[in-house]
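Understanding the architecture of this molecule
For reference, the chains in residue letters:
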Amino acid sequence: MGPQHPSTHGVFRMDVVLDGERIVKLKPVFGYLHRNHEKIAEATTYLGSMPYTDRLDYFCSITNNWAYALAVEKLAGLNVPERAEYIRIITAELTRLLNHTCLLGFLAQDMGALGTPLMYAFREREKILDLFEALTGARMMCNYMRFGGCRVDLPPGWIEQAARVVDGYPRFLEEFERLLTGNEILMARTQGVGILPAALAVNASITGPMLRASGVDYDLRKTDPYGIYGRFPFRVPLGAQGDVYDRLMIRLLEMGESIKILKQAIQELPGGPIVDPKAKLRAFKPKAGEAYGRIEAPKGELGFYLISDGSANPYRYRVRPPSLINLTILEDMCLGHTIADVVVILGSVDIVLGEVDR
Amino acid sequence: MESLEEIKARVEASVTGAAVEIVPNDAPCQQRSLRVGREKAREVAEFLRDDPRLRLDYASNATGVDWPDTVTKQKVKVKKQINGVEQEVEETLEERKPGCLEAVYHLYSMALKQGPVILRVRTADRMQGVHLPSLTPVWRGAEFQEREIYDLYGIVFDGHPDLRRLLMWEGYRHHPMRKDFVEPDDYEYEPTPHDEVLEKAKAHYPADGGTQGGTA
C-alpha cells in the first residue's frame, strides 16, 4: 500500500494483510530514500555535516541544525551567547508553527478535504518561509546554526516582520479551528481511531506530540531544558484518549503555546554577539570523547550522538530520528481498523521520509 | 539521580555475573556509560527499567559502533647472534588487539524525569561472534533501531521479534557502516533480487530454445 500521504511520494510503502476491509497485519517498508547520511558524516568535518542535517526533516531544517549544534557544543564545551539563544528559540518555534500547520493541512487532505485546508496552511507557511529566506538565504535548507551560535545576525527589519507574522497567527489558528475541529466528518474520522495507550507509547520510545496526545507529560523543553527554555512560561498540552483527534488537537494547542514563547522572545531579544568567540570554524577538532544531545523537534525527540577520536571528522555520528521510531507502533494502532483509517493514522504520526531513511 | 558508581554497585548486587564496568568520557559533558557483559545484558536492562529509584522506562537511542582491530607497533631491542657475534638489534613487535562491535543504548526515565544512563554491550569479535541479546523485549522502542544496527553493522540480536534488514534490501551482503566497508565502484553491479527473478524465469523457456515450433 502507498504512496498516499503527501510526504511519502514513492518512498514509503506498507505491506498490508486484509480481511475484507480490516487490517490484519501491517509492516512498513523503509529504505527508498536511504543515502547513509551517517556514513557521509563520518567522512566529512563536523561543520561539513551541518547542511546535511537540513535534509533530514526538510520541513524543519532549523531544529535539525539546533540538535546537531547542541550535540557538538556538548562535545566541545562551547557556550552560546544570549542573543544567539534568543534567535535560536525564535527560529525554532517558528519552525514548530510551520510544521504543525502543514501537518494539519496534510491530515485534512488525507481525510478527503482536498485542497482548501492545505492551501490555507501553505499560505501561513509561506509567511514563515519568507522570514527564513530573508534571514538565511534559503526557504527550506536554512543551514543556519553554527557551533556556539548562529551563522548571521538578523537583517534590519526582520524582527518587526517576525512580530507581525506572529501577531497575525492566532487569527489564522482560530479560523482553522472553526473550519476543522467542530466538523462532523472530521470527528467521525478521527475520534476513537488509532488509539495509542500511554504505557505502550512510553515503552516504544514514542516522543513529541504523539506521546503527549496519549497523556504522558514529557516535553524536553520542560523536563530537560536546553537553550534558555527555562525562562519561558508555557504549558504542555496533554491528550486524554490518545486517538487521532487528540493528536490533531495537541498540535493546535502547541501552536498556541509556541506563539506565547515567540511573543516573549521577540520582546526580550537582547543585543550582543551571535557566536561564541572560542568556537573555531576551520580546523575544529574536539577532544576525544562522546556526547548525546537531544531537543524537542516538532516531530519528537531529535538526538545526535557523536563520538570524537580527536580528529577533524566525527568517529561516530548518529541521528536519533523521531519519525522512524514513532512508526514502531504503526501496526498496533492500525490493527482492526479499515484501510481508509490507515491513511489517517499514518498522517497523524507526522513523518518525513528524509529523516526516516536518512 | 544516583551516581553511576552507586548504580553499578546496585546492578552488581542484584544481577550476579553482570560484569559491569564504567566507561570514562573526557568530553566536557562527561556522559559516562556502563558497559555490561553480553550474557547478562537482558537482566541488567530489566533491572534498570524496573528499579523503583531508576525507572529507566524510555530507551531514547540505540545505536551501533564499530571498533576495528587495532595494531600497535613497538620497537624492542633484542640480542641476537649475527655471524657468530652477539649484537643488539632493533625489532618491531606488532601487537594486534581484536576489535568488536558495540551496541549503545541511551536510557532515560519518563516517570521520574531523569537520565541519561548509557548502556553499552560488546560483541566477542567482528566476524563470527557478533551475537548480542536483543533488548527489544525490554524496550519496544529498540525494535527498529536494532534492526538498523543489524542492517548497517551486522550485529545479530538474539530474541528480536522481527530481525530483518531495515534500510538496505534483502539479499544485500554487506554492512555499510562498518569502518572497513569498501564502497562498490559500480552500484549497478551489486547482486539484487532481480537476478534471482531472472534465474527463476529460465524455467519458463523451452529446453531446446524453442526451435521445435509448437505453442509456448
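Residues numbered from 1 in each chain as written. Chains lettered and ligands numbered in written order. Predicted model: local features only at pLDDT ≥ 70, side-chain atom pairs only at ≥ 80, totals over all residues. Heavy atoms only, no water.

With that out of the way, let us pick up the overall build of chain A. Helix and strand counts for chain A stand at 15 helices and seven strands. Relative to the compact-globule value of 21 Å for 358 residues, chain A shows a C-alpha radius of gyration of 20 Å, a close match. When its C-alpha atoms are laid out on the principal axes, chain A stretches across 65 × 45 × 35 Å. In chain A, which comprises 358 residues, the share counted as buried stands at 63%. For chain A, contacts bridging at least 24 residues in sequence account for 73% of all contacts bridging at least 6. Measuring between centres, the 41 positive side-chain charges of chain A sit 5 Å from its 42 negative side-chain charges. (Helix = DSSP H or I, 4+ residues; strand = E, 2+ residues; numbered from the N terminus. Rg over C-alpha atoms; globule rule 2.2 N^0.38 Å. Buried < 20%, exposed > 50% of the residue type's maximum accessible area, 1.4 Å probe, protein only. Contact = heavy atoms within 4.5 Å. Lys, Arg positive; Asp, Glu negative; His and termini not counted. Charge placed at Lys NZ, Arg CZ, Asp CG, Glu CD.)

For chain B, the helix and strand inventory stands at four helices and nine strands. The helix and strand sequence of chain B, counted from the amino end, reads α-β-β-α-β-β-β-β-β-β-α-β-α. Within chain B, the fraction of its 216 residues that count as buried is 43%. In chain B, the share of contacts with a sequence separation of at least 24, taken over all contacts with a separation of at least 6, comes to 56%. Surface accessibility of chain B: about 12,200 Å² in total, with carbon and sulfur atoms responsible for 50%. (Areas by Shrake-Rupley, 256 points an atom, 1.4 Å probe, with all protein chains shown as cover.)

A:Leu94, A:Phe147, A:Leu327 and B:Leu48 are the most contacted members of the largest nonpolar core, which totals 172 residues. When residues in this core are grouped by element, the largest group, 14 residues, is from helix H4 (residues 82-110) of chain A. (Core = buried A, V, L, I, M, F, W, Y, C linked by side-chain atoms within 4.5 Å.)

Residue and element names in this part refer to chain A. Between helix H5 (residues 116-136) and helix H6 (residues 158-180), whose axes approach to 11 Å, the crossing angle comes to 170 degrees. One element, H5, and the other, H6, form an angle in the roughly antiparallel class. Two secondary-structure elements touch here, H5 through Pro-117, Tyr-120, Ala-121, Arg-123, Glu-124, Lys-127, Ile-128, Leu-131, Ala-134 and Leu-135 and H6 through Trp-158, Gln-161, Ala-162, Val-165, Tyr-169, Phe-172, Glu-175, Phe-176 and Leu-179. Partitioned by chemical class, the residues of the contact of H5 with H6 number 14 nonpolar, one polar and four charged. (Axes fitted to C-alpha atoms, helices over the stretch in contact; angles between N-to-C directions. Parallel < 35°, antiparallel > 145°, perpendicular 65-115°, else oblique. Nonpolar A, V, L, I, M, F, W, Y, C, P; charged D, E, K, R; others polar.)

Attention now goes to the interface of chain A and chain B. Residue-level contacts link 48 residues of chain A with 48 residues of chain B. Counting each side, the surface lost to burial between chain A and chain B is near 3,800 Å², with a carbon and sulfur contribution of 52%. We note a salt bridge from B:Glu148 to A:Arg318, for which the minimum N-O separation is 3.2 Å. Run the count over chain A and chain B and you get 31 residue pairs in polar contact (both at pLDDT 80 or more). When the residues that make up the side of chain A that touches chain B are grouped by side-chain class, the tally is 22 nonpolar, ten polar and 16 charged. (Buried area = accessible area lost by both parts, 1.4 Å probe. Salt bridge = Lys/Arg side-chain N within 4 Å of Asp/Glu carboxyl O. Polar contact = N/O pair within 3.5 Å; in protein donor to acceptor, adjacent residues only side chain to side chain.)

Right, let's talk about the confidence of the model for chain B for a bit. Residues and elements named next belong to chain B. In this model, chain B carries a mean pLDDT of 82, and residues with pLDDT of at least 70 account for 88%. Per-residue pLDDT, averaged within each element of chain B, yields its smallest value for helix H4 (residues 193-201) (69) and its largest for helix H3 (residues 142-153) (92). Under a pLDDT of 50 for its full length, residues 212-216 has, in the predicted model, zero contacts with residues more than four places off or in other chains. For this predicted complex, the interface score ipTM comes out at 0.86, alongside a pTM of 0.85. (pLDDT = per-residue confidence, 0-100.)

For the rest of this paragraph, the subject is the pattern of salt bridges. When their charged atoms lie close together, side chains carrying opposite charge are able to pair. By the definition in use, this model includes 48 salt bridges over all chains. Across the pair A:Glu124 and A:Arg123 runs a salt bridge, and its minimum N-O distance is 3.0 Å. On the basis of relative accessible area, A:Glu124 is assigned to the buried category, the value being 3%. The partner of B:Arg126 in a salt bridge is B:Asp66, with the nearest N and O atoms 2.8 Å apart. Linking B:Arg126 in the loop between strand E7 (114-122) and strand E8 (131-133) with B:Asp66 in strand E3 (residues 58-67), this pair joins segments that are 60 residues apart in sequence. Just as B:Arg126 is buried, B:Asp66 falls in that class too. Salt bridges sharing partners connect three or more residues here, namely A:Glu38, A:Glu42, A:Arg316, A:Arg318, A:Arg358, B:Glu148 and B:Lys179.

On to the sheet that holds strand E6 (residues 300-308) of chain A. All names here are of chain A. The antiparallel open sheet is built from three strands, whose spatial order is E5-E6-E7. Both edges of this open sheet fall to strand E5 (289-297) and strand E7 (316-320), since each of them pairs with a single strand only. Mean inter-strand twist for the sheet, computed between neighbouring axes without regard to direction, equals 10 degrees. Against the sheet, helix H3 (residues 61-76) engages E5, E6 and E7, with an angle of about 150 degrees to E5. (Pairing = 2+ DSSP bridges.)

Within a beta sheet, neighbouring strands are joined by backbone hydrogen bonds and run either parallel or antiparallel to one another. Residue and element names in this part refer to chain B. Spatially, E1-E2-E7-E6-E3 is the arrangement adopted by the five strands of the open sheet, whose pairing is mixed. The open sheet has two free edges, formed respectively by strand E1 (21-23) and E3, since each of these has just one partner strand. Strand after strand, the sheet turns through a mean of 30 degrees between neighbouring axes, direction not considered. With respect to the sheet, helix H2 (residues 41-50) is in contact with strand E2 (33-36), strand E6 (100-109) and E7, its orientation differing from that of E7 by roughly 175 degrees.

Let us look at unusual backbone geometry. Only a minority of non-glycine residues have a phi that is not negative, and only a minority of peptide bonds are not trans. Residues and elements named next belong to chain A. For Asn-36, which is not glycine, the phi torsion reads 50 degrees and is therefore positive. Residue position: Asn-36 is located in the loop between strand E2 (22-29) and helix H1 (37-42). Judged by its relative accessible area of 11%, Asn-36 is buried.

To continue, consider the pairing of E7(B). All names here are of chain B. Pairing analysis gives four bridges linking E2 to E7, with the strands arranged parallel. What sits directly across from Arg-35, in E7, is Arg-120. Where E6 meets E7, seven bridges bridge the pair, whose relative direction is antiparallel. From the neighbouring strand, Ala-103 faces E7, where its bridge partner is Val-121.

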